[in-house]
Amino acid sequence: MMFRSEQIELNAAIKRKAAEFGIDKIGITLPGRLEAEYDRFLQWLSAGFHGEMAWLARDTEKRADPGNVFPGAKSVIVAAVNYFAPFRHSAEPEKGKISRYAWGDDYHIVVKDKLESLIKWLKDGFPEMKARAFVDTAPLLEKALAVRAGLGWIGKNANLITREFGSWVFLGVILTDLEIAADEQFEDDHCGKCRRCIDACPTQAISSPYVIDSRRCISYATIELRGENLPSEITANQDGWLYGCDVCQDVCPWNKFEKPTKETAFWPRMGETEISLNQVLEMNNEQYAERFRQSAVKRAKLSGLRRNATALLNEKNR
């Protein structure tokens, strides 16, 4: 068991080392029941706002406390990695726009590698410690944990917003049995009366401040939704989006503080922020696998991309 002064020193050392591994912001909190956040999550599920993302309704009790995911956890390390790459979409009608988060390599892999490097460093100093890293791979309320760790606040578009990088951040979590001093400086909600994300959403998917109805969301429809056709309310407002949608982030005033990421793995592959719609329709499985190897775009599958491209072309030709 470490003394309080040693726990505080370890907190500072972790932050210094995390920066060396390319983690842009890090905070530490304690495990424990996320009572209010968990209740809001259950209300969101009961409203059906998760759509066909059935996995969100499984193991719900685990999300109430990170200790349910990692028994024996004494500290929660939450990492944020900036992914903003200073490029834009061309808005060429024959091309489909890709969401900024998927321009480069799959963040699950890139961020996980950084977290594993941090765990390895910790093990050098504490060989008996136990720890696991998660990047969207466990039933955790990552954004709620990020708020408790002092990284930022939840915006009205339901994204975590940081002062330094806006909402252009990926989150990762390390659960460990090490006792580390928790951060106690939490950010207030700095959205104020701003409604830009709500008013700009093409499909009014932000049903109320801080609440997203995924069933109306272009990102959900073009990535998670399965089936041969997109809903008509999506295709009528798709506005060139082939995979994902960044509108609610693009209009956020806090994103004017954007800084280019130092992680080149997040820069656009082949310099592309969009893809020719006809190229998508002509791709075979081998070409698709090669083009999107270790890319988040694979989430939609080739059939999903073809469906999305077809919807854009049909709307364009009306």
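Fair warning: this is a prediction, and the values are worked out from it, not measured in the lab. (Residues numbered from 1 in each chain as written. Predicted model: local features only at pLDDT ≥ 70, side-chain atom pairs only at ≥ 80, totals over all residues. Heavy atoms only, no water.)

Colleague: I keep staring at the overall build of the chain and nothing clicks. Help me out?
Modeller: Along the backbone of the chain there are eleven helices and eleven strands. Expected size for 318 residues packed as a compact globule is a radius of gyration near 20 Å; at 20 Å, the chain falls within 12% of this value. Taken along its principal axes, the extent of the C-alpha atoms in the chain is 70 × 40 × 35 Å. Looking at the chain as a whole, 53% of its 318 residues qualify as buried. Of the contacts made within the chain by residues no fewer than 6 positions apart, 77% connect residues no fewer than 24 positions apart. Carbon and sulfur atoms make up 50% of the accessible area of the chain, which amounts to about 15,300 Å² in all. (Helix = DSSP H or I, 4+ residues; strand = E, 2+ residues; numbered from the N terminus. Rg over C-alpha atoms; globule rule 2.2 N^0.38 Å. Buried < 20%, exposed > 50% of the residue type's maximum accessible area, 1.4 Å probe, protein only. Contact = heavy atoms within 4.5 Å. Areas by Shrake-Rupley, 256 points an atom, 1.4 Å probe, with all protein chains shown as cover.)

Colleague: Even after reading the chapter, I still don't get the pairing of strand 2 (residues 75–82), so can you show me in this structure?
Modeller: In summary, the side chains of a regular strand alternate between the two faces of the sheet. The element strand 2 is largely enclosed, with a buried count of eight among its eight residues. What you see with strand 2 is no split at all: Ser75, Ile77, Ala79 and Val81 on one side and Val76, Val78, Ala80 and Asn82 on the other are buried throughout. In terms of strand pairing, strand 1 (residues 25–29) meets strand 2 through five bridges, oriented antiparallel. Looking at strand 2, one finds that Gly27 is bridged to Val78. (Pairing = 2+ DSSP bridges.)

Colleague: I tried to follow the sheet that holds strand 2 on my own but got confused; where do I start?
Modeller: Paired through backbone hydrogen bonds, the strands of a sheet run either parallel or antiparallel to each other. Pairing is antiparallel across the open sheet formed by four strands, whose spatial order is 1-2-7-4. Either end of the sheet is taken by a strand with one partner, and the two such strands are strand 1 and strand 4 (131–134). Between one strand axis and the next, the sheet turns through 20° on average, direction left out of account. Where strand 4 and strand 7 (residues 169–176) come together, four bridges link them in antiparallel fashion. Following the sheet pairing, Ala133 is matched in strand 7 by Ile174. Contacting strand 1 and strand 2, helix 1 (residues 4–20) crosses the sheet at an angle of about 150° to strand 1. The sheet contacts of helix 3 (residues 107–125) involve strand 1, strand 2, strand 4 and strand 7, and relative to strand 7 the element is tilted by about 35°. (Axes fitted to C-alpha atoms, helices over the stretch in contact; angles between N-to-C directions.)

Colleague: So what exactly am I meant to see when it comes to helix 2 (residues 35–46) here?
Modeller: An α-helical segment advances 3.6 residues per turn. Residues three or four places apart therefore align on the same side. The first and last C-alpha atoms of helix 2 sit 17 Å apart over twelve residues, in line with the 16 Å expected at 1.5 Å per residue. All of the buried residues along helix 2 are Glu37, Tyr38, Phe41, Trp44 and Leu45. Along the long axis of helix 2, the arc covered by the buried residues comes to 115°, so they all point the same way. What points out from helix 2, more than 90 degrees from its buried face, is the exposed set Arg40, Gln43 and Ser46. Residues of helix 2 that are buried sit in contact with helix 4 (142–148) and strand 9 (211–212). One or two steps after helix 2, the chain reaches Gly48, where phi turns positive at roughly 80°. (Expected span 1.5 Å × (residues − 1). Arc of directions from axis to C-beta.)

Colleague: Teacher, can you tell me more about unusual backbone geometry here?
Modeller: Among all residues except glycine, the phi angle is most often negative; among peptide bonds, the trans geometry is most common. Even without being a glycine, Asp59 presents a positive backbone phi close to 50°. Looking at where Asp59 falls in the secondary structure, it is placed in the loop between helix 2 and strand 2. We classify Asp59 as partly exposed; its relative accessible area is 48%. A positive phi angle, near 55°, is found at Gln294, a position not held by glycine. Counting through the fold element by element, Gln294 comes out in the loop between helix 10 (285–291) and helix 11 (301–316).

Colleague: Could you clarify how one ought to interpret the packing of aromatic side chains in this entry?
Modeller: Two aromatic rings are characterised by how far apart their centres lie and by the angle between their planes. Here the structure, examined in full by the defined rule, presents twelve aromatic pairs. Ring centres of Phe41 and Trp44 lie 6.3 Å apart, and the angle between their planes is 25°; this geometry places the pair in the stacked category. Placement of both Phe41 and Trp44 in helix 2 is noted, with a separation of three residues, approximately one turn of the helix. Given the relative accessible area of 10%, Phe41 is considered buried. Residue classification places Trp44 among the buried residues on the basis of a relative accessible area of 18%. (Phe/Tyr/Trp six-rings, centres within 6.5 Å; stacked < 30°, edge-to-face > 60°.)

Colleague: Mind showing me how you'd approach empty space enclosed by the protein here?
Modeller: Summary: where empty space remains is shown by rolling a probe the size of a single water molecule over the atoms. Within this structure, the stated rule accounts for one cavity of 30 Å³ or more. In this structure, the largest cavity encloses a volume near 40 Å³. Around the largest cavity, the lining residues are Ile98, Ala102, Trp103, Gly104, Arg269, Glu272, Arg291, Phe292, Ser295 and Val297. Among the residues forming the lining of the largest cavity, the class breakdown is five nonpolar, two polar and three charged. (1 Å grid on protein atoms, 1.4 Å probe; cavity = no way out; pocket = protein on both sides within 12 Å on 5 of 7 lines; lining within 4 Å. Points joined across faces, edges and corners; volume = space filled by probe spheres on them. Nonpolar A, V, L, I, M, F, W, Y, C, P; charged D, E, K, R; others polar.)

Colleague: Help me understand the pattern of salt bridges in this model?
Modeller: Think of it this way: side chains of opposite charge can pair up when their charged atoms draw near. Following the criterion strictly, the structure yields 18 salt bridges and no others. Glu187 is paired through a salt bridge with Arg163; the nearest N and O atoms lie 2.8 Å apart. Note that Glu187 is positioned in the loop between strand 7 and helix 5 (196–200) and Arg163 in the loop between strand 6 (160–161) and strand 7, a separation of 24 residues in sequence. By relative accessible area, which is 40% here, Arg163 ends up partly exposed. In this structure, Arg293 and Glu290 form a salt bridge, with 2.7 Å as the shortest nitrogen-oxygen distance. The class for Arg293 is partly exposed, based on a relative accessible area of 47%. One network of salt bridges, with partners in common, ties together Arg33, Glu35 and Glu61. (Salt bridge = Lys/Arg side-chain N within 4 Å of Asp/Glu carboxyl O.)

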